[in-house]
Amino acid sequence: MKDLLSVGTPAQALDLLALPLPRLMERAAALREAAFGRRIVLCAIINARSGNCAMDCRFCSQSRHNHTPIDVFPLLSDQELRGRILHLATLPVAHIGVVTSGAALSGEEFARLRALIAGLPAEVRPRVCASLGRLTEAQLTELAAAGLGRYHHNLETSRAYYSRVCTTQTWEQRRETVLRGMRAGFTACTGGLFGLGESWEDRVAFAFSLKELGVRQVPMNFLHPHPQTPLAGQKPLSAEEALRIVAVFRHILPTATLRICGGRPLVLGERQAEVFAAGANALMTGDYLTTHGQGLENDLQMLADLGLEVDGDGVCAAAS
């Protein structure tokens, strides 16, 4: 069944758009259940350094080029960050992401964070992920040696469309950071953002780029237009289009974890529970970097109502 439903070329993926959404979702749900059964993985993030980013991403509230009214603060103190990590470790979330704004950490900040990770309890360290920008391969290797479980770095969109949303680095530079993380031994957590004005051809090309890289963890965000950013006036995606994006990605990446992240409450609203029928098998729960989520308790109740199980780490059943 799985082999019959998945697609192997961009043209085949684009042909899926002719299907009615219920039929497309039915196929995507079959692919998800073949790979993961009824198991859903939860993760949560910590905004560990906020704002004042030199990058000019047109969608981002944390860019210093934009003027969104957000909290701006330096890297959290070791005590504060450790406390937040250990608190999240008591909750049913498989992965705890430490996220910092900016192109990369300074040397002092990197040394602090590496030591903090190494000093966490042994059972917690593998659950910690980090999104720290363009680190060097040597730095990434040091983080792996300290026990960090996973490295996150998004490609955001297709190679062809990326220059329309950011000019301070290239898509190829982002891809090289992903590759450096993989060479350091990390599982790549690499996805992007939808609703930037990209075409379906861009979305499909993006998915095949992830497939070519061998990415198995794919965070999927939907644009939440922030005030005083260049995309403040961009109309949010409809729930139907967001669900169709998830379903098409499931057909292209049948055994990858598709994690629904930022923009979920705004774009999907009352239809958030349908992401699993569209092929998703993971959620970011709690709040996002500068916007609010619907809360862990509500997400757990949603999963229980659907008869889905909270899983430990989201390993594809077909590969275990």
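Each chain carries its own residue numbering, running from 1 in the written order of its sequence. Where local features are concerned, this predicted model is filtered to residues with pLDDT of at least 70; where side-chain atom pairs are given and counted, the filter is 80 or more; whole-chain, interface and lining totals use all residues. Note: side-chain values were computed over all heavy atoms of the structure, leaving out hydrogens and water.

**Concerning the UniProt feature "binding site: [2Fe-2S] cluster" (unreviewed entry) in the protein**
Next up, step 1: Under the UniProt annotation, "binding site: [2Fe-2S] cluster" (unreviewed entry) lies at Cys129, Cys189 and Arg259. The largest pairwise C-alpha distance within this set of annotated residues, which runs over 131 residues, is 14.2 Å, so the set is compact in three dimensions. Within the annotated group, the residues that form the lining of the second largest cavity are Cys189.
Next up, step 2: Note on contacts: a residue pair qualifies if any of its non-hydrogen atoms lie within 4.5 Å across the two residues. Residues in contact with cysteine 189, not counting those within four places in the same chain, are Arg150, Tyr151, His152, His153, Asn154, Gln217, Pro219 and Arg259. UniProt positions are given in the numbering used here, feature names are shortened, and annotations may be inferred rather than shown by experiment. Cavities and pockets are defined on a 1 Å grid built over the protein atoms alone: a cavity is a set of grid points where a 1.4 Å probe fits but cannot escape, while a pocket is an open set with protein on both sides within 12 Å along at least five of seven lines, and lining residues are those with an atom within 4 Å of any such point.

**Brief notes about helix H5 (residues 107–118)**
Because an α-helix completes one turn every 3.6 residues, residues spaced three or four positions apart along the sequence face the same direction.
Next up, step 1: Think of it this way: any DSSP run of H or I at least four residues long counts as a helix, any run of E at least two long counts as a strand, and we number them from the N terminus. A helix is expected to reach a length of 1.5 Å times the quantity of its residues less one. Over its 12 residues, H5 extends 17 Å from the first C-alpha to the last, a length consistent with the 16 Å expected when each residue adds 1.5 Å.
Next up, step 2: Buried residues of H5: Glu109, Phe110, Leu113, Leu116 and Ile117, and no others. All buried residues of H5 project into a common sector of 130° when viewed along the axis, lining one side.
Next up, step 3: Check the buried side of H5 and you find it contacts strand S1 (39–49), helix H4 (78–89), strand S2 (95–100) and helix H6 (137–146). For each residue, the accessible area found with a 1.4 Å probe, counting protein chains only, is set against the maximum for its type, and the residue is called buried under 20%, exposed over 50%, and partly exposed in between. In this description, the arc belongs to the directions extending from the helix axis to the C-beta atoms.

**A closer look at empty space enclosed by the protein**
Next up, step 1: Grid points are joined across faces, edges and corners, and a volume is the space filled by probe spheres set on the points. Within the structure shown, the criterion is met by 2 cavities of 30 Å³ or more.
Next up, step 2: Here the second largest cavity defines a volume of roughly 50 Å³.
Next up, step 3: Every residue lining the second largest cavity is listed: Tyr151, His152, His153, Thr177, Val178, Gly181, Met182, Phe186, Thr187, Ala188, Cys189 and Thr190.
Next up, step 4: Contributions of two or more residues to the lining of the second largest cavity are made by strand S4 (150–152), helix H7 (171–183) and strand S5 (188–189).
Next up, step 5: We call Asp, Glu, Lys and Arg charged. Ala, Val, Leu, Ile, Met, Phe, Trp, Tyr, Cys and Pro are nonpolar, and the rest, Gly among them, are polar. Looking at side-chain class alone, the lining of the second largest cavity contains 6 nonpolar, 6 polar and no charged residues.

**Brief notes about the pairing of strand S8 (residues 257–260)**
Next up, step 1: Side-chain alternation along S8 places Thr257 and Arg259 on one buried face and Leu258 and Ile260 on a second face that is also buried.
Next up, step 2: Any two strands between which DSSP finds at least two bridges are classified as paired. Two strands pair when backbone bridges link them, and strand S7 (residues 217–222) and S8 are joined in this way by 4 bridges, in the parallel orientation. Within S8, the position partnered with proline 219 by the bridge is arginine 259.
Next up, step 3: The parallel pair S7 and S8, bridged by helix H9 (residues 239–252), forms a crossover whose chirality is right-handed. Crossover handedness is defined here as right-handed if the route from the first strand over the helix to the second strand goes clockwise, with the strands pointing away from the viewer.

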